[in-house]
Amino acid sequence: MEISVVHDPDLGRFDALSPDGERVGDVTYRRDGDVWDLDGTHVSPELGGRGIATAMVRDVLAQIRAVGGSVRPTCP
C-alpha cells in the first residue's frame, strides 16, 4: 500500500495516510531540541503485514534528517 507521511507537531506524531487520506498508522515522539525520541509505532491491526510500518519509519527518519535532527528510538 502506498502511504504518505505527514508531520503533526501539535500532536507529537507523524501520521501515515492511505491514498484516500485515511489515517492508517502513526509514529509518536517526544522532542528535546534536535533529539527526537520515537516512542511508539502503530498500524491499524487489519493492515498489519503489508510493510506500512517499515515505509512509515523510513519516511519519518528522512524527514527528521532533513531538518538536522537525530533520533533516539525508545519504541519497543
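Coordinates for the structure precede this section.
Residues numbered from 1 in each chain as written. Predicted model: local features only at pLDDT ≥ 70, side-chain atom pairs only at ≥ 80, totals over all residues. Heavy atoms only, no water.

Caption draft 1: Examining the pattern of salt bridges more closely. Per the counting criterion, the structure on display carries five salt bridges. Measuring nitrogen to oxygen at the nearest pair gives 3.3 Å for the salt bridge that ties Arg-30 to Asp-37. Since its relative accessible area comes to 51%, Arg-30 is described here as exposed. Look at Asp-37 and you get buried, because its relative accessible area is 7%. (Salt bridge = Lys/Arg side-chain N within 4 Å of Asp/Glu carboxyl O. Buried < 20%, exposed > 50% of the residue type's maximum accessible area, 1.4 Å probe, protein only.)

Caption draft 2: Quick peek at the packing of aromatic side chains. For the structure on display, the rule yields three aromatic pairs. Aromatic side chains Phe-14 and Trp-36 sit 5.9 Å apart centroid to centroid with 40 degrees between the ring planes, which places their arrangement in the tilted category. Highlighted residues: Phe-14 in strand β2 (residues 13–17) and Trp-36 in strand β4 (residues 35–43), separated in sequence by 22 residues. An identical accessibility class is assigned to Phe-14 and Trp-36; each is buried. A ring pair is formed by Tyr-29 and Trp-36, whose centres lie 4.9 Å apart and whose planes are at 50 degrees; its orientation type is tilted. As far as the burial class goes, Tyr-29 and Trp-36 line up, both buried. Feature note: the residues Phe-14, Tyr-29 and Trp-36 constitute an aromatic cluster, connected by ring pairs. (Phe/Tyr/Trp six-rings, centres within 6.5 Å; stacked < 30°, edge-to-face > 60°. Helix = DSSP H or I, 4+ residues; strand = E, 2+ residues; numbered from the N terminus.)

Caption draft 3: Spotlight on the nonpolar core. Formed by 14 residues in total, the largest nonpolar core has its most connected members in Ile-3, Phe-14 and Val-60. The set of elements that each furnish at least two residues to this core consists of β2, β3 (23–32), β4 and α1 (52–66). The leading source of residues in this core is α1, at four residues. Setting aside residues no more than four positions away along its own chain, Val-60 makes contact with Val-5, Phe-14, Val-27 and Leu-38. (Core = buried A, V, L, I, M, F, W, Y, C linked by side-chain atoms within 4.5 Å. Contact = heavy atoms within 4.5 Å.)

Caption draft 4: Quick look at the pairing of β2. For β2, the buried fraction is high: four of the five residues fall into the buried class. By the bridge criterion, five bridges tie strand β1 (residues 4–8) to β2 in an arrangement that is antiparallel. Bridge assignment links Val-6 to a residue of β2, and that residue is Asp-15. Two successive antiparallel strands, β1 and β2, enclose a turn made up of four residues, where Gly-12 displays a positive phi of approximately 65 degrees. Counting the residues that bridge the hairpin from β2 to β3 gives five residues, and of these Gly-21 lies at a positive phi of roughly 90 degrees. (Pairing = 2+ DSSP bridges.)

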